[in-house]
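# Working through the structure, step by step
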Amino acid sequence: MKIRTIIQLFLLCGLFIFGGGSVTSSYAQDGSVAKAEKTIAKRRKKEAQVAKKETKQAKKAFWARQSKEVRKSVKRNQKRQKKAMRDSKGY
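Just so it is clear, the structure is predicted and the values come from calculations on it, not from any experiment.

Definitions and limits used
Residues numbered from 1 in each chain as written. Predicted model: local features only at pLDDT ≥ 70, side-chain atom pairs only at ≥ 80, totals over all residues. Heavy atoms only, no water. Helix = DSSP H or I, 4+ residues; strand = E, 2+ residues; numbered from the N terminus. Buried < 20%, exposed > 50% of the residue type's maximum accessible area, 1.4 Å probe, protein only. Areas by Shrake-Rupley, 256 points an atom, 1.4 Å probe, with all protein chains shown as cover. Patch = residues over 30% accessible without salt bridge, like charges linked within 9 Å, V, L, I, M, F, W, Y side chains within 5 Å. Salt bridge = Lys/Arg side-chain N within 4 Å of Asp/Glu carboxyl O. Phe/Tyr/Trp six-rings, centres within 6.5 Å; stacked < 30°, edge-to-face > 60°. Lys, Arg positive; Asp, Glu negative; His and termini not counted. Charge placed at Lys NZ, Arg CZ, Asp CG, Glu CD. pLDDT = per-residue confidence, 0-100.

Right, let's talk about the overall build of the protein chain for a bit. Along its length, the protein chain carries four helices and zero strands. Secondary structure elements of the protein chain, listed N to C terminal, follow the sequence α-α-α-α. Burial status across the protein chain gives 1% buried among its 91 residues. Carbon and sulfur atoms provide 60% of the accessible area of the protein chain, an area that totals close to 9,100 Å².

Bringing a nonpolar patch on the surface into the picture now. Together, Leu9, Leu12, Leu15, Phe16 and Ile17 line one region of the surface with nonpolar side chains, adding up to about 570 Å² of accessible area. Of note, Ile17 is situated in helix α1 (residues 3–22). On the accessibility criterion, Ile17 (61% relative accessible area) is exposed.

Turning our eyes to something else, we now look at the packing of aromatic side chains. Tallied over the full model, the rule gives one aromatic pair. Measuring from ring centre to ring centre gives 5.1 Å for Phe62 and Trp63, while their planes differ by 80 degrees; the resulting arrangement is edge-to-face.

Where like charges cluster on the molecular surface, the positive patch consists of Lys68, Arg71, Lys72, Arg76 and Arg80. Within the secondary structure, Arg76 is located in helix α4 (residues 68–88). For Arg76, a relative accessible area of 49% puts it in the partly exposed group.

For the protein chain, the mean per-residue pLDDT works out to 84, and 82% of the residues sit at or above 70. Within the protein chain, helix α2 (residues 26–30) has the poorest average pLDDT of any element, 53, and helix α3 (residues 33–65) the best, 94.

Here you go:
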């Protein structure tokens, strides 16, 4: 066998022997279910904030690409629909 092949086999075996113990979850290190749930809740809240921010930026970019006439038309239509909803409810 070539030396290169022997070294590759040695490294591969080393990954299986020593690599298994080093992979641990951050949830398991907390020690309790409550702490893990709290960590998950924080992570989800942060992801929700990022998603909300991205959505807001996408909407802003979309309306920046539209012409002034389109923006005015949409605004008028929303105002008209809001008034129609208010009138149909009997207020």
